[in-house]
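Architecture and fold: a report
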Amino acid sequence: MYSQGLIGADARTDETPEFLEAFQNRIDAEEKIEPNDAMPEGYRRTLVRQIGQHAHSEIVGMLPEGNWITRAPSLRRKAALLAKVQDEGGHGLYLYAAAETLGVSREEMTEELLDGRAKYSSIFNYPTLSWADIGTIGWLVDGAAIMNQIPLCRCSYGPYARAMIRVCKEESFHQRQGYEIVMTLAQGTPDQKAMAQDSLNRWWWPSLMMFGPHDGDSVHGDQSMAWKIKRFSNDELRQKFIDATVPQAEYLGLTIPDPDLKWNEEKGGYDHGPIDWDEFWRVVKGHGPMARDRIKARKKAWDDGAWVREAALAHAEKRKARKLVAE
Amino acid sequence: MALFDAVLELADDHLVLGHRLSEWCGHAPMLEEDLALPNMALDLIGTARTLYDYAAQLEGEGRSEDDMAYLRGEREYRNLLLCERPNEDFAHTVLRQLYFAAFMKPYWEAALSSSDEVIAGVAGKAVKEMAYHIRHAGEWVIRLGDGTDESARRMKDAVEALHIYTGELFEEGAAEGIDALPSRAAIQPAWEATIDEIFGHALLSRPVVQYPQTGGRVGKHGEGLGHLLAEMQSVYRAHPGATW
Ligand SMILES: [Fe+2]
Ligand SMILES: [Fe+2]
Ligand SMILES: [Fe+2]
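This text gives an overview of the structure that appears in the document. (Residues numbered from 1 in each chain as written. Chains lettered and ligands numbered in written order. Predicted model: local features only at pLDDT ≥ 70, side-chain atom pairs only at ≥ 80, totals over all residues. Heavy atoms only, no water.)

Right, let's talk about the overall build of chain B for a bit. Helix and strand content of chain B: 9 helices and 0 strands. Computed over C-alpha atoms, the radius of gyration of chain B comes to 17 Å, within 12% of the 18 Å expected from 2.2 N^0.38 for 244 residues, which places it in the range of a compact globule. Taking the principal axes of its C-alpha atoms as reference, chain B extends roughly 55 × 40 × 35 Å. The proportion of buried residues among the 244 residues of chain B is 59%. (Helix = DSSP H or I, 4+ residues; strand = E, 2+ residues; numbered from the N terminus. Rg over C-alpha atoms; globule rule 2.2 N^0.38 Å. Buried < 20%, exposed > 50% of the residue type's maximum accessible area, 1.4 Å probe, protein only.)

Structure follows, in C-alpha cells:
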C-alpha cells in the first residue's frame, strides 16, 4: 500500500512497505517514538484521537464532581474535592500538550469537543445525585481509569507515556481518597450506608462499560495493539478491574448489583452478568442522561470566556507594540 | 470572647470568598484559570479551617470547625459584604480577589509579629498566598482594563459595582482593642497604594465612594449569602451528627 503520511507535524513522507516495516521494528524493539520522528499517518491520527479524547474526558469529568464542590459536607472534604477536580484539569492540560506535539492545537481540539466531533468518556454523561457519588467516582471511575492508564505509561509514543506516568500517580491517589469516602459512608449512619449502596448501584455497570465493547466488537483494537498504543484488550482490563474491585466492595459490606457475579475457580477470576450493550451504545452515541448538559456547560464556559481570552491577546499585543516603540 | 469573635470574622471572610471562587471550578474562561481559581479557593479555605478550629478552641464548648461553618445561618455569619458578592463575570471575580488580597497581605504582614502564636502562624503562610493572589488577580485587572473595549467596559462596571464594599475592610469590628490582631484601619494606606499602582496600569481610577455599604460584621448581609449557605450546608444539615 502506498499512501501519504506525515513526519512529525508537517513534513510529508511516503509510507512505503519498507518505511512501515522499519517503524514497526522500532515499536517491536520497545523504542519510544518522539514528536519529530517519522511515523505513519495512521499512527499519528490514532494518537491524536485517543489523546484528544482522553484530554476531553479529564475536562468534561470536572463537571459531575464539580457539581458537589459547593455542597461537600465538611471543610476537609470540600478542600480535597476542589484539589481533585483541579488535578483533573491539570491532567487535561498535560494531555492537550501531549496531543499538541502531534500537530493539533488545543483550540482545534476544544472546537471539536464543543461541536460534537470529538468524543469523551461516556461515564461523565451520568449525573452525580448524592455526595456518595463523589466517593464512588473516585473509587470506581478513577479506579477503572487507572486500569486503562497504567499500561499507557509504556505506550510507544513518548510524550503520551510520560504524561501518563504523572497522571497515574494522581489517579491512584484519587482512587484511594474515593474509597475512603465510601468507607466513611459505609461505616456511618443507616442513611449514609444507603446512600453509598445506591451510588454503587448506579455506577457499577457504567464503570464496567468504561473498558469499551467486548474484544470481538472493538474496531480499533488490533492495530493499536501492534503499535503498542494499547497493551491489553478491553475484556482483559475489565476482568482485572472486577477482580480488584469485588473484594473492596465486600470489605465495605456493600453489594455489587450483579446477581450473576461469582468467583470462577478455574479462571481465577470473577464471572459477571451480561452488560447492557444497548445502553452502552446509546450513551456512546451521545444520548446519555447528561450528554447535552455537559456540552452545554462546556460551551457556556468557552463562549462566556471569549471576551477574556480576546482581552488577554489584545493586551499582549499592546505590550509588544509599546515595547517596540520604546526600543 | 472578643478574640473569638474577631477570629470568626476572619474565618468567615476566607470561607465565603473561597466558596465563591470554588463556584468557578470547571466553568472558567480558560483551562489555566480552571486551575488557578481553585488554587486560590484552596488557600482561602485552608486558612478558614485553621481559624475556625482556633475559634472553636477559644470558645471551649466542643464545637468543631465544621459546626462553625455548617451550623450558623446568615444572621450569624460575620463576613465582609465584599466576600459574598456574586461572581458575576470574570472581571468582578478578579477585582473582588484583588481588593481582598491587597488588604490581607499587609494585614498578615502586620500579624507576623502577633503575640498570639496561632495568628502569627497563619500569617506566615498567608502572606505568601496573598502575594500570589495580588499578582494573579492584579495581572488580570491590568489585562482586562487595558485589553479590548469590552473588557475595559466590564472592568469599569466591576469597579463601579464593588468599590462601595471596600470601606468595610477597614472597620475594626470585633477586633477593636485586641492587641493580638493588627489594626484594620491602619492598613488603608497600603491597600490604596496597591490598588492605585495596579489601577494605573489598568487605566482605571479609584472612585470616591459617597455611600459605602457595610453591615457584614453585624450579620446584615445581602440576599446572596443565604443562598450560598443553604447550598453549602444542605448535606451537613440533612444528616445531623453524621461523620463525613
Ligand atoms: Fe484525571
Ligand atoms: Fe484520566
Ligand atoms: Fe482522577
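There is more to say, and it comes next.
Before going further, it helps to examine the coordination of the iron ion (ligand 2). Residues and elements named next belong to chain A. Coordination sphere of the iron ion (ligand 2), protein contribution only: Glu58 (OE) and Gln149 (OE1), at 2.1 to 2.5 Å. A gap of 3.5 Å separates the iron ion (ligand 2) and the iron ion (ligand 1), which glutamate 58 links by coordinating each metal. Taken together, the residues span a long stretch of sequence, with glutamate 58 in helix α2 (residues 41–60) and glutamine 149 in helix α6 (residues 132–149) at a distance of 91 residues. One exposure class covers both glutamate 58 and glutamine 149, and it is buried. (Donors = N, O, S within 2.8 Å, 3.2 Å for Na, K, Ca; no water.)

Further remarks concern the packing of helix α12 (residues 291–304) of chain A against helix α13 (residues 306–326) of chain A. All names here are of chain A. Direction vectors running N to C along α12 and α13 enclose 35°, while the axes themselves pass 4 Å from each other. Listed contacts from α13 to Ala301, Trp302, Asp303 and Asp304 of α12 are Ala306, Trp307 and Arg309. Of the residues in the contact of α12 with α13, the class split is 4 nonpolar, no polar and 3 charged. (Axes fitted to C-alpha atoms, helices over the stretch in contact; angles between N-to-C directions. Contact = heavy atoms within 4.5 Å. Nonpolar A, V, L, I, M, F, W, Y, C, P; charged D, E, K, R; others polar.)

In this section: the coordination of the iron ion (ligand 1). Residues and elements named next belong to chain A. Protein coordination at the iron ion (ligand 1): the donors are Glu58 (OE), Glu88 (OE), His91 (ND1) and Glu171 (OE), at 1.9 to 2.2 Å from the metal. Every donor counted, the 4 donor atoms about the iron ion (ligand 1) form angles of 90 to 134° at the centre, which fits tetrahedral coordination. Mapping the donors of the iron ion (ligand 1) onto the primary sequence yields the spacing E-x29-E-x2-H-x79-E. (Tetrahedral: all angles 85-135°; square planar, octahedral: opposite > 155°, others 65-115°.)

Turning our attention to the layout of surface pockets. Its volume calculated, the second largest pocket comes out at about 330 Å³. Arg106, Trp302 and Arg309 of chain A together with Pro29 and Met30 of chain B are, among the 18 residues lining the second largest pocket, the residues nearest its centre. Mapped by element, the contributors of at least two residues to the lining of the second largest pocket are α5 (106–114), α12 and α13 of chain A together with α2 (31–59) of chain B. Tallied by class, residues from the lining of the second largest pocket come to 10 nonpolar, 1 polar and 7 charged. (1 Å grid on protein atoms, 1.4 Å probe; cavity = no way out; pocket = protein on both sides within 12 Å on 5 of 7 lines; lining within 4 Å. Points joined across faces, edges and corners; volume = space filled by probe spheres on them.)

A word on empty space enclosed by the protein. In the structure shown here, the tally under the stated rule is 2 cavities of 30 Å³ or more. Approximately 70 Å³ is the volume attributed to the largest cavity. What lines the largest cavity is simply Glu65, Arg77, Ala80, Leu81, Lys84, Trp131, Ile134, Gly138, His174, Gln177, Gly178 and Ile181 of chain A. Those elements giving two or more residues to the lining of the largest cavity turn out to be α4 (75–100), α6 and α7 (158–186) of chain A. Class assignment for the residues of the lining of the largest cavity results in 5 nonpolar, 4 polar and 3 charged. Here the second largest cavity is characterised by a volume of approximately 40 Å³. The wall of the second largest cavity is formed by Ala6, Glu9, Leu10, Tyr107, Ala175, Leu181, Arg184 and Arg217 of chain B. For the lining of the second largest cavity, the element with the highest residue contribution is helix α1 (residues 2–22) of chain B, accounting for 3 residues. In terms of residue class, the lining of the second largest cavity is made up of 5 nonpolar, no polar and 3 charged.

This part takes up helix α8 (residues 188–202) of chain B. Residue and element names in this part refer to chain B. Helix length check: α8, at 15 residues, gives a terminal C-alpha distance of 21 Å against a target of 21 Å (1.5 Å per residue), a fit within 8%. Listed as buried for α8 are Trp191, Ile195, Ile198, Phe199 and Ala202. Buried positions in α8, seen along its axis, are confined to an arc of 100° and lie on one side of it. Facing away from the buried side of α8 by over 90 degrees, the exposed positions are Pro189 and Gly200. The secondary structure elements touched by the buried residues of α8 are α5 (90–111), α6 (117–145) and α7 (149–162). (Expected span 1.5 Å × (residues − 1). Arc of directions from axis to C-beta.)

Another aspect to go through is unusual backbone geometry. Phi is positive for glutamate 30 of chain A, close to 60°, though the residue is something other than glycine. Note on placement: glutamate 30 of chain A falls in the loop between α1 (17–28) and β3 (38–39). Of the residues examined, glutamate 30 of chain A reaches a relative accessible area of 42% and is grouped as partly exposed. The backbone phi angle of leucine 203 of chain B is positive, close to 60°, even though this residue is not glycine. Among the secondary structure elements, leucine 203 of chain B is positioned in the loop between α8 and α9 (224–238).

A word on the nonpolar core. Ranked by internal contacts, the top residues of the largest apolar core, which has 176 residues, are Trp131 of chain A together with Trp108 of chain B. Residue contributions to this core peak at 14 residues, all from α5 of chain B. Look past the residues within four positions of tryptophan 131 of chain A in its chain and what remains in contact with it is Trp68, Ala72, Pro73, Arg77, Leu81, Ile181, Leu185 and Met195 of chain A together with Val235 and Trp244 of chain B. (Core = buried A, V, L, I, M, F, W, Y, C linked by side-chain atoms within 4.5 Å.)

Read these as spatial facts, not as claims about activity.
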